[in-house]
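If you want the building blocks of each chain, they are given just below.
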Amino acid sequence: MAAWPALAPLTADADLLAAFEVLGQKWNGIILHTLAPRPARYGELHTAIGSISTKMLADRLRELVAAGLVTHDHLPPGPATYTLTTDGRALLPALEQIRAWSRHRTNRTT
């Protein structure tokens, strides 16, 4: 019986691991995409997303701010707003590709 040839070991890509550390968290991609058109207040985000709990939204926003993808600005006299950073905006084309992929999978007939 022939032996299998020696194969190089598989390794996960470090850059993808770092990206999915943030993007792999439930809701983070949705929050980023929801902020694409304009800055928003916490209540606006909660209303726009709908099914996310207030605690989860607060936790995820803190993570996105810590990751440098969103800023949390409090400019008097209004309430604080959340805005995409340059790094956060750079993810929008990838999120649109994921959205298109999802739409394609949903619409196909098998």
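Bear in mind the structure is a predicted one, so any value in this text is a computation, not a measurement.

A few points about the overall build of the chain
Phase 1: From N to C terminus, the chain includes 6 helices and 2 strands.
Phase 2: Taken from N to C terminus, the helices and strands of the chain fall in the order α-α-α-α-β-β-α-α.
Phase 3: Here the C-alpha atoms of the chain give a radius of gyration of 19 Å, more than 25% beyond the 13 Å that 2.2 N^0.38 yields for 110 residues.
Phase 4: Projected onto the principal axes, the alpha-carbon positions of the chain cover approximately 80 × 35 × 25 Å.
Phase 5: The 110 residues of the chain split such that 21% are buried.
Phase 6: Within the structure as shown, the chain displays about 8100 Å² of accessible surface, and the carbon and sulfur contribution to it stands at 61%.
Phase 7: Of the charged side chains in the chain, 11 are positive and 9 negative, and the gap between their average positions amounts to 11 Å.

Structural notes on helix 1 (residues 14–23)
Phase 1: Taking burial as the measure, the 10 residues of helix 1 include 0 buried ones, a minor fraction of the element.
Phase 2: Measuring from the side-chain oxygen of the N-cap residue of helix 1 to the backbone nitrogen of Asp15 gives 3.0 Å; that N-cap residue is Asp13.

A word on the packing of helix 3 (residues 42–49) against helix 4 (residues 54–66)
Phase 1: Where helix 3 meets helix 4, the axes come as close as 11 Å, and the angle between the chain directions of the two elements is 120 degrees. Read as a crossing pair, helix 3 and helix 4 show a hand that is right-handed. Across from Tyr42, Leu45, His46 and Ile49 in helix 3, the residues of helix 4 making contact are Thr54, Lys55, Leu57, Ala58 and Leu61.
Phase 2: When the residues that make up the contact of helix 3 with helix 4 are grouped by side-chain class, the tally is 6 nonpolar, 2 polar and 1 charged.

A short note on the pattern of salt bridges
Pairs can form between side chains of opposite charge once their charged atoms are near each other.
Phase 1: Summed over all chains, the structure comprises 6 salt bridges.
Phase 2: Note that Arg38 and Glu44 form a salt bridge whose closest N and O atoms lie 2.8 Å from each other.
Phase 3: For Glu44, a relative accessible area of 25% translates into the label partly exposed.

Examining the pairing of strand 2 (residues 81–84)
Phase 1: Side chains Tyr82 and Leu84 project from strand 2 onto a buried face, and the interleaved Thr81 and Thr83 project onto a face without burial.
Phase 2: The sheet contact formed by strand 1 (residues 70–73) and strand 2 spans 4 bridges and is antiparallel. Following the sheet pairing, His72 is matched in strand 2 by Tyr82.

Thoughts on the side chain of Asn28
Phase 1: Residue position: Asn28 is located in helix 2 (residues 28–34).
Phase 2: Once residues lying within four places of it in the same chain are set aside, the contact partners of Asn28 are Val22, Arg60, Glu63 and Leu64.

A short note on the side chain of Arg60
Phase 1: Structurally, the position occupied by Arg60 is in helix 4.
Phase 2: Using a relative accessible area of 10% as the deciding quantity, one classes Arg60 as buried.
Phase 3: Ignoring anything within four residues of it in the chain, the contact list for Arg60 reads Gln25, Lys26, Trp27, Asn28 and Ile31.

What counts and what doesn't
- The residue numbers shown here count from 1 along each chain, following its written sequence.
- The predicted nature of this model means local features are confined to residues of pLDDT at least 70 and side-chain atom pairs, given and counted, to a pLDDT of 80 or more, with totals for whole chains, interfaces and linings taken over all residues.
- As a rule here, side-chain values come from all non-hydrogen atoms in the structure, and water together with hydrogens is ignored.
- We count a stretch as a helix when DSSP gives it H or I for four or more residues in a row; a strand needs E for two or more, and each element gets its number in order from the N terminus.
- To get the radius of gyration, use the C-alpha atoms; to get the globule rule, take the number of residues to the power 0.38 and multiply by 2.2 Å.
- The classification of residues rests on relative accessible area computed with a 1.4 Å probe and restricted to protein chains. Under 20% of the type maximum is buried, over 50% is exposed, and intermediate values are partly exposed.
- Only the protein chains shown count as covering a residue, and every accessible area follows the Shrake-Rupley method with a 1.4 Å probe.
- His is not counted, nor are the chain ends; Lys and Arg add positive charge and Asp and Glu add negative charge.
- To locate a charge, take atom NZ for lysine, CZ for arginine, CG for aspartate or CD for glutamate.
- Pairing of N or O atoms within 3.5 Å defines a polar contact, subject to two protein rules: one partner must be a possible hydrogen donor and the other a possible acceptor, and residues neighboring in sequence count only if both atoms are side-chain atoms.
- Between N-to-C directions, angles cover 0 to 180 degrees, with each direction set by a line fitted to C-alpha atoms, over the stretch in contact for helices.
- Crossings are classed by handedness, with left-handed meaning an anticlockwise turn of the near helix from the far one by less than a right angle and right-handed meaning a clockwise turn.
- Residue contacts follow a heavy-atom distance rule, with two residues in contact if any of their heavy atoms lie within 4.5 Å.
- Residues are sorted three ways: Asp, Glu, Lys and Arg are charged, Ala, Val, Leu, Ile, Met, Phe, Trp, Tyr, Cys and Pro are nonpolar, and all the rest, Gly among them, are polar.
- Note on definitions: salt bridges are taken to be side-chain nitrogens of Lys or Arg within 4 Å of carboxyl oxygens of Asp or Glu.
- In this description, strands pair whenever DSSP reports at least two bridges between them.

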